[in-house]
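# Summary of the model geometry
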Amino acid sequence: MHSLFEEVLSKRDLSKAGMLFSLDDKEIEDDLSNVLKGIHVIADTDDYESNDNDQSVVEICITRVTTAIRETSSIEKHARALVDLLVMCRKHRLMQTAKDEDSPHAKIVSDLMSCLFMYYSKSNVMQQAIPAVVQLLDCNNYDLCQSASSYLSLAAIDNANLLASHINIIVTSVIKGNHLLAQVLPQIYLQNPEPIHEHLAELMAVMEEFEGTERVYLIQLFGAVAKKESRLLEEHIEKLSTYLSSAMLAPLILTAFVDLALTSPIAMVPYRNSVTAVVEQNPALICQTAQILGALATVDEEEGRKSIKYLVLKLNSAEQTMLPVILQEIRGVGLVHHHLLPPIMHEVEKLANSGSSCVRLLIQQIREDNKKYLGEKEKKSVSSQTEGTVTIITVGNPPNSLHPSGTVSIKHTMLSSSGAESEHSLGKASSGSTVRLANDSTNSPTFTMSEPSFCGTSQLSCSGSGESVRDGVQMFCEKHLSKIKSFIRKLNASIPLPVKCSVVNGKNKRYMHLYFMCGHQGHQCLYKTGHFMLTTHLAKLWVHLMFLSVQANAPAALSQRDADVSSLKACWDALKGERNSSFLTVVTSSFPTQKDQLALLHELHEERYFDVFELNAADMLWACFLCNHPEKVSDLLHNGSPQITGQLKEKKGKWKVFKRWKTRNFTLSGGTFTYSKSDSRKETLPVSKIQSVKALRKGIRDIPRAFEIFTDDQRYVFKAKGQQNVEQWVQCLHIAVVRSHHNPDDSLWNVPQRSPLTPSSDTRLSLRALPFDTKL
């Protein structure tokens, strides 16, 4: 320690303390930590509060130390000594005197905080300072507490993760009345959300005590909760709706309501009028309102009618820039309730000559949707004799696969006229869309996967020149890599991602198949050797998500020259007639919106994906019914094979209008499905001839009342005694069919073929997903 500092501190010589400022900053830089330790000794004495001389010496020395730290930029070197001194002061009285003057130790704390938080962007300094300053939130000095709150708010800009570990103390301080600290909560919520969830009701209750911008911070916090765990806000919707009259708060509240409506539309139904009333006061909020009404339309037909009526009415008064959002929601309502489109088409057509290309495009899409649902345009199915190119993409890391995680492999091959698959048009209504079990072992040889070539670097050489190439994809990924990873991590909890896709040539267009696998692949797995396959009409969205998934699993930013990205690009380019934009535009566009995600979920629901799979929350993966519910195996399987016996009602009759239910005894055992006739004869349908089984219900979430069985050319309708019996029959039949399709040579299924069951008169072929009636 410099001799002058040593003399001033050891002798408490105030007369020489002023000479400290004559010393060169560089000369004393290495001594500053020791000086702080000397100050620590003086300030930690019992008589310090009553000793004016010592207080003056300490005040001058601290000023000289903090000045030198600032001038020499040596905060990292001395941060520990500063924090130790601050912690020591917390043991002494910090409360203000009767004259509202700070205590001597409170003055030291103020000076130290000012010095430390000047460097709030230095994480190594904040790692030491934040834990000590957070403890001051409980001190009995209001001004010191407010100062600590201001400094912590500043630190939250670059150190939200450090503050998040102290969120319990912060939340408690806010609830007790520290309104200034509320601005920190939205910044640190995502890093540690649980304490916020636990105190949500208390935060909602104290919101009335907040004013102006302080209340804005709480609304921002509730908006963040709505995005992450909207169900927690359902009981507080009424409270939030009371603030919709505030011009400052209404936009934030409506944004939170959008997220609430998308996940829990039923909860938002009672507040429809409150939401629409906001637009009358502030027409600029029509976009959020339109999104909320679009979500409410999914509840039932009546809500859909109310929503589309309101949205069409607003087409005449909304500004040009807001029309695309309104039209998009109108189209969304039409996708859910098809018959609501025709009555409003004349109002929509009035905008057909709009100057906005976006508006014209949306109107054209609504027009095409209307034509499709009216049956005015019947698209041709693809002939099984079609020749063309097949492009197959594999994404992810399926179990038992040699492919590295995040790889995409591709192979082009020509389909022979005998080996091509027969595909149904994507343009048909959902009841006629094609979904089937995909079994790799039974597919045409043209579907054999080539060995993947995965490039672990995001920069490749061009033409052997060794020159590094950076393209638009790579620059996009470098900029948004963390956001991509976060987006996919969150998305996986609501939307399953395919492990493979294929593009098949038809006569007039090409089609994309998606292949989904079971994430568990357990011993009794339904899809242990195959995939659940569906034909999609949302190829652009799925390609975008597959790209984001590959990037999220890659260690570095990918470029178009990486093997996996170039393969996915080839798949997109193969969709002739489906490309309205380039591959680069697709993968570098904004992440799929909530509306896009709802469309994907709607497609999966329509194709009965969620009857077969459900999310295993513990492992965060999508698995089949038997893997998620192994306890039901013993109820459904006997000696390893599905077996069930009981009475079923079959719908019989030559003419559809005269069909009646006939009750018979049915038995599913091994590979046969039989029933006994009145003359003791048995009719048998080999399970191997069953293409699919489908539970019948009015809505996605309604309980099943009956079920259908489809063969190559027949359709059977059966009814059981109750919901539980329907589920058992469907589950057992599903297991039998899956095993039959995946193991056609297994002796278990080699049974003599007998006369089939008498079919109903409706022989329309409908290859649907094999359903499980699991709880969504």
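Residues numbered from 1 in each chain as written. Predicted model: local features only at pLDDT ≥ 70, side-chain atom pairs only at ≥ 80, totals over all residues. Heavy atoms only, no water.

## Description of the overall build of the protein chain
Counted only if it meets this: Per the convention used, a helix needs a DSSP run of H or I reaching at least four residues, while a strand needs a run of E reaching at least two, with both numbered from the N terminus. Here's how the labels work: a residue is buried when its accessible area is under 20% of the maximum for its type, exposed when over 50%, partly exposed in between, all with a 1.4 Å probe on protein chains only. We call two residues in contact whenever any of their non-hydrogen atoms come within 4.5 Å of each other. Values of accessible area rely on a 1.4 Å probe in the Shrake-Rupley scheme; residue burial ignores everything except the protein chains shown.
Along the protein chain, the regular secondary structure elements total 33 helices and 16 strands. Across the 776 residues in the protein chain, those meeting the buried criterion constitute 52%. In the protein chain, the proportion of contacts linking residues at least 24 apart, taken out of those at least 6 apart, comes to 68%. For the protein chain, the computed accessible surface area is about 35,200 Å², with 48% contributed by carbon and sulfur atoms.

## A closer look at the nonpolar core
Where we set the bar: Joining through side-chain atoms within 4.5 Å is the link that ties buried Ala, Val, Leu, Ile, Met, Phe, Trp, Tyr and Cys residues into a set, and such a set is a nonpolar core.
Core analysis: the biggest nonpolar cluster contains 139 residues, and Phe-117, Leu-203, Phe-222, Phe-257, Met-268 and Ile-330 have the highest contact counts within it. Setting aside its immediate chain neighbours within four residues, Phe-222 contacts Leu-200, Leu-203, Met-204, Met-207, Leu-233 and Leu-240. Counting 58 residues, the second largest nonpolar core, distinct from the first, contains Ala-552, Val-565, Leu-600 and Ala-623.

## A few points about the pairing of strand β6 (residues 531–536)
Worth spelling out the cut-off: If DSSP finds at least two bridges between two strands, the strands pair.
Counting buried positions over the six residues of β6 gives six, a clear majority of the element. Where burial is concerned, the two faces of β6 agree: the one with His-531, Met-533 and Thr-535 and the one with Phe-532, Leu-534 and Thr-536 are both buried. Both strand β5 (residues 510–516) and β6 contribute to a ladder of five bridges, which runs antiparallel. Opposite Leu-514, over in β6, you have Leu-534 as the bridge partner.

## A few points about the packing of helix α17 (residues 250–263) against helix α20 (residues 286–296)
A packed helix pair is summarised by two numbers, namely the angle formed by the two axes and the spacing between the axes. In plain terms, the rule: Only the stretch in contact is used when fitting a helix axis, every axis being a line fitted to C-alpha atoms; angles between N-to-C directions are given from 0 to 180 degrees. Angle categories are assigned with fixed cut-offs, so that under 35 degrees is roughly parallel, over 145 is roughly antiparallel, 65 to 115 is roughly perpendicular, and the rest are oblique. Helix crossings are classified by the rotation of the near helix relative to the far one: an anticlockwise turn of less than a right angle makes the crossing left-handed, while a clockwise turn makes it right-handed.
Two elements in contact, α17 and α20, have axes separated by 9 Å at closest approach and are oriented at 20°. Overall, the two elements α17 and α20 adopt an arrangement that is roughly parallel. Pair α17 / α20 crosses with left-handed handedness. Seen from α17, the contacting residues are Pro-251, Leu-254, Thr-255, Phe-257, Val-258, Ala-261 and Leu-262; seen from α20, they are Gln-288, Thr-289, Gln-291, Ile-292 and Ala-295.

## Observations concerning helix α4 (residues 32–43)
Selection rule: The length a helix should cover is 1.5 Å for every residue beyond the first.
Across its 12 residues, α4 extends 16 Å between first and last C-alpha, which sits within 8% of the 16 Å expected from 1.5 Å per residue. All of the buried residues in α4 are Leu-32, Ser-33, Val-35, Leu-36, Gly-38, Ile-39, Ile-42 and Ala-43. Buried-residue contacts for α4 involve α1 (3–11), α3 (25–28), α5 (52–72), α6 (75–89) and α7 (104–116).

## Focus on the packing of helix α26 (residues 539–553) against helix α27 (residues 563–573)
Two numbers describe how α26 lies on α27: the axes approach to 11 Å, and their chain directions differ by 175°. Accordingly, the angle class assigned to the pair α26 and α27 is roughly antiparallel. Contacts between α26 and α27 involve Ala-539, Lys-540, Val-543, Met-546, Phe-547 and Val-550 from the former and Asp-564, Val-565, Leu-568 and Trp-572 from the latter.

## Some thoughts on the confidence of the model for the protein chain
In plain terms, the rule: Note: pLDDT gives the predictor's confidence per residue, expressed from 0 to 100.
Of all residues in the protein chain, 77% have pLDDT values of 70 or greater, and the mean over the chain is 76. Low pLDDT, under 50, characterises residues 377–469; the predicted model gives this stretch 225 contacts beyond four residues in sequence or across chains. A low-confidence stretch, residues 744–776 stays under pLDDT 50, and its non-local contacts, those more than four residues away or across chains, total 117 contacts.

## Digging into the pattern of salt bridges
Note the cut-off: Just to be clear on terms, a salt bridge is a Lys or Arg side-chain nitrogen sitting within 4 Å of an Asp or Glu carboxyl oxygen.
Counted by the stated rule, this structure contains 24 salt bridges. Between Arg-64 and Asp-25 there is a salt bridge; the shortest N-O distance is 2.8 Å. Of this pair, Arg-64 sits in helix α5 while Asp-25 sits in helix α3, and the two are 39 residues apart along the sequence. Both residues of the pair, Arg-64 and Asp-25, belong to the buried class. Close ionic contact of Asp-30 with Lys-77 constitutes a salt bridge, the shortest N to O distance being 3.2 Å. Of the two residues, Asp-30 sits in the loop between α3 and α4 while Lys-77 sits in helix α6, which places them 47 residues apart along the sequence. Overall, Asp-30 belongs to the exposed group, its relative accessible area being 58%. For Lys-77, a relative accessible area of 46% translates into the label partly exposed.

## Focus on the environment of Val-65
Looking at where Val-65 falls in the secondary structure, it is placed in helix α5. Among the residues examined, Val-65 registers a relative accessible area of 0% and is labelled buried. When the C-alpha atoms of Val-65 and Ile-28 are compared, they prove to be 8.9 Å apart, with 37 residues separating the residues in sequence. Every residue in contact with Val-65, bar those within four places of it in the chain, is listed here: Leu-32, Val-35 and Leu-36.

## Observations regarding the packing of aromatic side chains
Note the threshold: In this scheme Phe, Tyr and Trp rings, the latter by its six-membered ring, pair at centre separations within 6.5 Å, and the angle between planes marks the pair as stacked below 30 degrees, edge-to-face above 60, and tilted otherwise. Here, a charge over a ring is recorded when the distance from Lys NZ or Arg CZ to the ring centre is within 6 Å and its angle to the ring normal is within 35 degrees.
For the coordinates displayed, the defined rule picks out 18 aromatic pairs. Aromatic pair Phe-516 and Trp-542: ring centres 5.9 Å apart, planes at 75°, arrangement edge-to-face. Taken as a pair, Phe-516 in strand β5 and Trp-542 in helix α26 lie far apart in primary sequence, 26 residues in all. In this structure Phe-516 comes out as buried when scored by relative accessible area, which is 1%. On the basis of relative accessibility, which here comes to 0%, the residue Trp-542 falls in the buried class. Plain terms: the ring middles of Tyr-609 and Phe-613 are 4.7 Å apart, the flat faces sit at 15° to each other, and that makes the pair stacked. Phe-613 shares its class with Tyr-609; the two are buried. The residue whose ring lies beneath Lys-500 is Tyr-515, and the NZ or CZ to ring-centre distance is 4.8 Å.

## Some points on helix α19 (residues 272–281)
Owing to its 3.6 residues per turn, the α-helix aligns residues three or four sequence positions apart on the same side. For clarity, the threshold we go by: Arc definition: it is the arc formed by the directions from the helix axis to the C-beta atoms.
Those residues of α19 lying buried are Arg-272, Val-275, Thr-276, Val-278 and Val-279. Projected down its long axis, α19 shows its buried positions confined to an angular sector of 140°, all on one face. Away from its buried face, by an angle of more than 90 degrees, α19 presents the exposed residues Asn-273, Glu-280 and Gln-281. On the buried face of α19, the contacting elements are α17, α18 (265–268), α20 and α21 (301–314).

## A few points about the pairing of β5
Burial analysis of β5 places seven of its seven residues in the buried class, the great majority of the element. Burial along β5 is two-sided: Arg-510, Met-512, Leu-514 and Phe-516 and Tyr-511, His-513 and Tyr-515, pointing in opposite directions, are all buried.

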